[in-house]
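Fold and geometry: a report
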Amino acid sequence: MMFENLLAMQERGVRDRARGRSLADNPMSKPDVLPITDFQEWYAMFDAWRFGWSIEDAMAGHIDAPRHGRASPRAYTRTV
C-alpha cells in the first residue's frame, strides 16, 4: 500500500469530521468494502481515516466527544 493512500484517507477523515460526520461514518466500515482480502491494508486505511477524524475533532475542541460514534449534542463549528 502506498503512503499517499493513507494520507488521502487521513485527509478524508479530517474533512468528514469538519462536515459533522461521526466515528461510525468511517468509509472503511461500510459493507461495500467487504469482503476484506488484505486485513492489514484494510485496517491501515480504517485507522488512517479515524486518526484524521480525531485530529479534526481535537482541533475543534471536542476532545470530550463520545467514543462510540455518536455525535456531540452541541453544534459543531470549525475553529481552524
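Residues numbered from 1 in each chain as written. Predicted model: local features only at pLDDT ≥ 70, side-chain atom pairs only at ≥ 80, totals over all residues. Heavy atoms only, no water.

1. Some thoughts on the packing of helix H1 (residues 3-18) against helix H2 (residues 39-59)
Direction vectors running N to C along H1 and H2 enclose 40°, while the axes themselves pass 7 Å from each other. The angle between H1 and H2 places the two elements in the oblique class. Handedness of the H1/H2 crossing: right-handed. Contact residues: Asn5, Leu6, Met9, Gln10, Arg12, Gly13, Val14, Asp16, Arg17 and Ala18 in H1; Ala44, Met45, Ala48, Trp49, Phe51, Gly52, Trp53, Ile55, Glu56 and Asp57 in H2. Here the residues of the contact of H1 with H2 sort into eleven nonpolar, four polar and five charged. (Axes fitted to C-alpha atoms, helices over the stretch in contact; angles between N-to-C directions. Helix = DSSP H or I, 4+ residues; strand = E, 2+ residues; numbered from the N terminus. Parallel < 35°, antiparallel > 145°, perpendicular 65-115°, else oblique. Left-handed = near helix turned anticlockwise from the far one by under 90°. Contact = heavy atoms within 4.5 Å. Nonpolar A, V, L, I, M, F, W, Y, C, P; charged D, E, K, R; others polar.)

2. Some thoughts on the pattern of salt bridges
Taken as a whole and judged by the stated rule, the model has five salt bridges. Residue Arg19 is joined to Asp16 by a salt bridge in which the shortest nitrogen-to-oxygen separation is 4.0 Å. Ionic pairing is found between Asp16 and Arg21, a salt bridge with its closest N-O pair at 3.0 Å. Residue classification places Arg21 among the partly exposed residues on the basis of a relative accessible area of 36%. Linked through salt bridges whose partners overlap, the residues forming this network are Arg12, Asp16, Arg19 and Arg21. (Salt bridge = Lys/Arg side-chain N within 4 Å of Asp/Glu carboxyl O. Buried < 20%, exposed > 50% of the residue type's maximum accessible area, 1.4 Å probe, protein only.)

3. Here we look at the side chain of Asp57
With respect to the helices, strands and loops of the structure, Asp57 is situated in helix H2. In terms of polar contacts, Asp57 uses its side chain to reach the side chain of Arg17, at 2.7 Å. (Polar contact = N/O pair within 3.5 Å; in protein donor to acceptor, adjacent residues only side chain to side chain.)

4. As for the nonpolar core
Across soluble globular proteins, nonpolar side chains have a tendency to be buried as a group. In this structure, Met9, Met28, Trp42, Met45, Phe46, Ala48, Trp49 and Trp53 together form the largest nonpolar core, which totals eight residues. Of all the elements, H2 adds the most residues to this core, at six residues. Beyond its immediate sequence surroundings of up to four residues, Phe46 is in contact with Asn26, Met28 and Ser29. (Core = buried A, V, L, I, M, F, W, Y, C linked by side-chain atoms within 4.5 Å.)

5. A closer look at H1
Helix length check: H1, at 16 residues, gives a terminal C-alpha distance of 23 Å against a target of 22 Å (1.5 Å per residue), a fit within 8%. Along H1, the positions that sit buried rather than exposed are Met9, Gly13, Asp16 and Arg17. Mapping the buried residues of H1 onto a view down its axis gives an arc of 95°, with all of them on the same face. Contacts made by the buried residues of H1 are with H2. Positioned one or two residues after H1, Gly20 has a phi angle of 90°, which is positive. (Expected span 1.5 Å × (residues − 1). Arc of directions from axis to C-beta.)

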